[in-house]
Number of protein chains: 2
Amino acid sequence: MEITFLGTSSGVPTRSRNVSSIVLRLPQRAECWLFDCGEGTQHQLLRSDIKTSQLTRIFITHMHGDHIFGLMGLLASCGLAGSAQQVDIYGPAGLEEYLWACCKYSYTNLTHRIRVHQVKPGVIFTDSDFTVSCLPLKHRVPAFGYRVQEKDRPGRFLVEKAKALGIPRGPIYGKLKQGQNVTLPDGRIIRGADICDPPEEGRKIAYCTDTVFCEEAITLAEDADLLIHEATFAHQDANLAFERLHSTSTMAAQVALAAKVRKLIISHFSPRYAPGNVLTLDNLKQEARAIFPQTKLAYDFFTYEVPRRRNSEQ
Amino acid sequence: MEITFLGTSSGVPTRSRNVSSIVLRLPQRAECWLFDCGEGTQHQLLRSDIKTSQLTRIFITHMHGDHIFGLMGLLASCGLAGSAQQVDIYGPAGLEEYLWACCKYSYTNLTHRIRVHQVKPGVIFTDSDFTVSCLPLKHRVPAFGYRVQEKDRPGRFLVEKAKALGIPRGPIYGKLKQGQNVTLPDGRIIRGADICDPPEEGRKIAYCTDTVFCEEAITLAEDADLLIHEATFAHQDANLAFERLHSTSTMAAQVALAAKVRKLIISHFSPRYAPGNVLTLDNLKQEARAIFPQTKLAYDFFTYEVPRRRNSEQ
């Protein structure tokens, strides 16, 4: 599971930061998911090594322009590039109507290429490897945070060990792989756990934007390996955060601390903290780290591979 | 009158060319007009020295995404940047409905900041210095080409010459400045033309995209100082041009020749002619120049100052 930030500015693009979008590369699949799609996301993808042909799902947090104005261009370009695959798009009420209105007026035919799902709190997608759920955040318009949870995987079956113990090949191997205990024809009882590595715990990622501090963000991020949380403002601009229902660096850190996550990456920065100003992103980083030391600042094209927990950490 | 190309690719952006937009800087006014607004136009403006606060009018040729998907982001960002000025937007049927639908679903309030005008063939705007007119082109959806005509200006009043001739200051100066003939109190008749430089002929620019070869483009470009014409395809791909109702390099050159323009700049190139391919933009340039030697190829951020005609050329 590898995250790449395609846009890390809030509201408007700057010369160095585009508006919101992140891409999640799934492990052992040639598949990418996008979270938010501000204007210029397709341009950022062009500058990355990510192939739009691998894009299968897009999750939209809310309907503000800096999170959705790149959707139509990206989807239209995927079509022009001859990609026939279908893209599933998840988001709040209005998303589907928005896309079909844009299609209508711009003569863009996406009928057979997109499927739009209006999200409700809870699990919104699951397959053999992942579960995605969402909860409402606290913003000026309906907004959802997302949690992606990789399913736990049984530990590697130690075939050499099985052979050494003289366990006969066949259906018994299958049962042991699944962690079951098995009685052999010779009467020995073999524990699956003894013939397998410990199970691999699935990784968990939470993505919370746009929001002021809220309990739902903590719930989404509970025990996550990575929390990506917006931090539009510095702590001393908390009045702006409360007024506009955005977060400060310290609110993001408090969510990370309360949820006991392993890593926090803050993003969605107001352009007012550009280098040379009184407060800069260094201040936001220090403020967040004072509360939650494992904090990083996102920048465009920053890529982070979410590590698996070692067994001793489980 | 200075033109800057912000996007010169057709359909999709590439790593070096964005989708369509050009900006026209008006002489002696801190004012810019935009023609088309593909996705990422606001990003391109950020990378140029053009201030979005000077943007007063936007002219849209047609409703395909690569010409309009940057509108909402640009207009929303202008608002966030605190620009209070109103922008007049001109374009075909559907443009106004598109913008209000986007505003509605993205919670963007542009009510007091934009005024949308549906264009019809003929003059669509005029003020003391400029006239803008449009005609329908020939594309898969309704498309309009635009002509911007600077009004002729009276020649500079030669005040030293007037003094030397002993012409008394006052209302007589005003009449002479306007080119009138005046009888002085002493009986002499003074011709305005003798006390002024020759009138300056206004410059004319035509912008024709997207279209296959058509007579209306020639009418729009008649005697223009600059014709900007799309050339999506090379001559040998004319079958694609006819199929998709786009132009080849040679069609653009034929329009320029027939309209007797002074300069042709071709743009809106298919990404298929990127460097390293069998046919490249050098081929398109050569094809066009074989018919119309005064042809240039546009590239992103290419700026062209439209020269005034010298009097001897009038």
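Residues numbered from 1 in each chain as written. Chains lettered and ligands numbered in written order. Predicted model: local features only at pLDDT ≥ 70, side-chain atom pairs only at ≥ 80, totals over all residues. Heavy atoms only, no water.

Explain a positive patch on the surface to me, please; I cannot follow it from the model alone.
There is a patch of like positive charges on the surface, built from A:Arg15, A:Arg47, B:Arg15 and B:Arg47. Considering the arrangement of structural elements, one finds A:Arg47 in the loop between α1 (41-46) and β4 (55-59). (Patch = residues over 30% accessible without salt bridge, like charges linked within 9 Å, V, L, I, M, F, W, Y side chains within 5 Å. Areas by Shrake-Rupley, 256 points an atom, 1.4 Å probe, with all protein chains shown as cover. Salt bridge = Lys/Arg side-chain N within 4 Å of Asp/Glu carboxyl O. Lys, Arg positive; Asp, Glu negative; His and termini not counted. Charge placed at Lys NZ, Arg CZ, Asp CG, Glu CD. Helix = DSSP H or I, 4+ residues; strand = E, 2+ residues; numbered from the N terminus.)

Whenever I open this one, the sheet that holds strand β15 (residues 295-297) of chain B confuses me. Can you help?
The strands making up a sheet associate through hydrogen bonds between their backbones, and the pairing can be parallel or antiparallel. Residue and element names in this part refer to chain B. In space, the seven strands of this open sheet follow the order β7-β8-β9-β12-β13-β14-β15, with mixed pairing throughout. Every interior strand has two partners, whereas the edge strands, β7 (122-126) and β15, have only one. The sheet shows a mean angle of 20° between the axes of neighbouring strands, direction not considered. Those strands touched by helix α10 (residues 249-259) are β13 (226-230) and β14 (264-267), and its axis lies near 155° from that of β13. Contacts from helix α11 (residues 281-291) reach β14 and β15, with the element oriented near 165° to β15. (Pairing = 2+ DSSP bridges. Axes fitted to C-alpha atoms, helices over the stretch in contact; angles between N-to-C directions. Contact = heavy atoms within 4.5 Å.)

Is there a simple way to think about the interface of chain A and chain B in this case?
The extent of an interface is frequently quoted as the accessible surface area lost upon association of the parts. Across the boundary between the two partners, chain A contributes 36 residues, which contact 36 residues of chain B. Area buried by chain A at its contact with chain B is led by A:Glu39, A:Phe69 and A:Tyr105, which between them contribute 25% of it. Put simply, chain A and chain B have ten residue pairs in polar contact (both at pLDDT 80 or more) between them. Those elements that place two or more of their residues in the side of chain A that touches chain B are α1, α2 (65-68), α3 (71-80) and α4 (95-106) of chain A. (Buried area = accessible area lost by both parts, 1.4 Å probe. Polar contact = N/O pair within 3.5 Å; in protein donor to acceptor, adjacent residues only side chain to side chain.)

Which parts of the structure should I look at to understand the domain arrangement of chain A?
For chain A, the assigned domains read domain 1 (2-153 + 200-313) and domain 2 (159-194). Each of domain 1 of chain A and domain 2 of chain A was reduced to a C-alpha centroid, and the two centroids are 44 Å apart. (Domains from an automatic or database assignment.)

Just to check I follow, could you spell out the pairing of strand β8 (residues 130-136) of chain A for this structure?
The side chains of a regular strand alternate between the sheet's two faces. Residue and element names in this part refer to chain A. Extensive coverage of β8 is indicated by the burial of five of its seven residues. Pairing of strand β7 (residues 122-126) with β8, which is carried by four bridges, proceeds in the antiparallel orientation. Looking across to β8, one finds that Thr126 is bridged to Thr131. The turn linking β7 back onto β8 is made up of three residues. (Buried < 20%, exposed > 50% of the residue type's maximum accessible area, 1.4 Å probe, protein only.)

How should the pattern of salt bridges be read in this particular structure?
Side-chain pairing between opposite charges can occur once the charged atoms of the two side chains come close. Summed over the entire model, instances satisfying the criterion amount to 44 salt bridges over all chains. For A:Glu200, the salt bridge identified is with A:Arg308, shortest N-O distance 3.7 Å. With A:Glu200 in the loop between α7 (192-195) and β12 (204-208) and A:Arg308 in the segment after β16 (303-305), this residue pair connects regions lying 108 residues apart in the sequence. Taking relative accessible area as the criterion, A:Glu200 reaches 29% and is therefore assigned partly exposed. Between B:Asp49 and B:Arg25 there is a salt bridge whose closest N-O contact spans 3.1 Å.

Sorry if this is basic, but what is going on with the relation of the copies chain A and chain B here?
Each copy of the chain is related to the other by a rotation around an axis and a translation along that axis. For the pair chain A and chain B, the superposition axis carries a translation of 0.0 Å, the fit reaches an RMSD of 0.1 Å, and the rotation angle comes to 180°. Each copy turns onto its partner about a two-fold axis. The position closest to the rotation axis in chain A is occupied by the C-alpha of A:Gly40, lying 2.7 Å away. Residue by residue, 100% of the interface of chain A is reproduced at the interface of chain B, so both copies engage with the same surface. (Least-squares fit on C-alpha atoms with pLDDT ≥ 70 in both.)

What am I meant to see in the packing of α4(A) against helix α4 (residues 95-106) of chain B here?
Angle between the axes and distance between the axes are the two parameters that describe a pair of packed helices. For the pair α4(A) and α4(B), the least separation of the axes is 10 Å and the interaxial angle reads 170°. The angle between α4(A) and α4(B) falls in the class roughly antiparallel. Contacts between α4(A) and α4(B) pair A:Glu97, A:Tyr98, A:Ala101, A:Cys102 and A:Tyr105 from the former with B:Glu97, B:Tyr98, B:Ala101, B:Cys102 and B:Tyr105 from the latter. (Parallel < 35°, antiparallel > 145°, perpendicular 65-115°, else oblique.)

Honestly, the environment of B:Ala224 in this entry has me stumped. Any pointers?
Residues and elements named next belong to chain B. On the secondary structure map, Ala224 appears in the loop between α8 (215-221) and β13. By relative accessible area, which is 0% here, Ala224 ends up buried. Each C-alpha atom, one on Ala224 and one on Arg203, is 7.3 Å from the other, the two residues being 21 residues apart in sequence. When neighbours within four sequence positions are excluded, Ala224 is seen to be in contact with Lys204, Ala206, Lys260, Val261, Arg262 and Arg309.

Would you take a moment to explain the environment of B:Asp300 for this structure?
Residues and elements named next belong to chain B. By the element assignment, Asp300 lies in the loop between β15 and β16 (303-305). The exposure class assigned to Asp300 is buried, which follows from its relative accessible area of 11%. Spatially, the C-alpha atom of Asp300 lies 29 Å from that of Cys103, the residues being 197 residues apart in sequence. Setting aside residues up to four positions removed in sequence, Asp300 forms contacts with Phe5, Leu6, Gly7, Thr8, Ser16, Arg17, Asn18 and Gln44.

What exactly am I supposed to notice about the packing of aromatic side chains here?
Aromatic ring pairs are described here by two measures, namely the spacing of the ring centres and the angle between the planes. For the structure on display, the rule yields 22 aromatic pairs over all chains. Plain terms: the ring middles of B:Trp33 and B:Phe125 are 5.6 Å apart, the flat faces sit at 85° to each other, and that makes the pair edge-to-face. With B:Trp33 in strand β3 (residues 32-35) and B:Phe125 in strand β7, this residue pair connects regions lying 92 residues apart in the sequence. Here a set of aromatic residues connected by ring pairs shows up, and it is made of A:Trp33, A:Phe35, A:Phe59, A:Tyr90, A:Phe125, A:Phe130, A:Tyr146 and A:Tyr207. (Phe/Tyr/Trp six-rings, centres within 6.5 Å; stacked < 30°, edge-to-face > 60°.)

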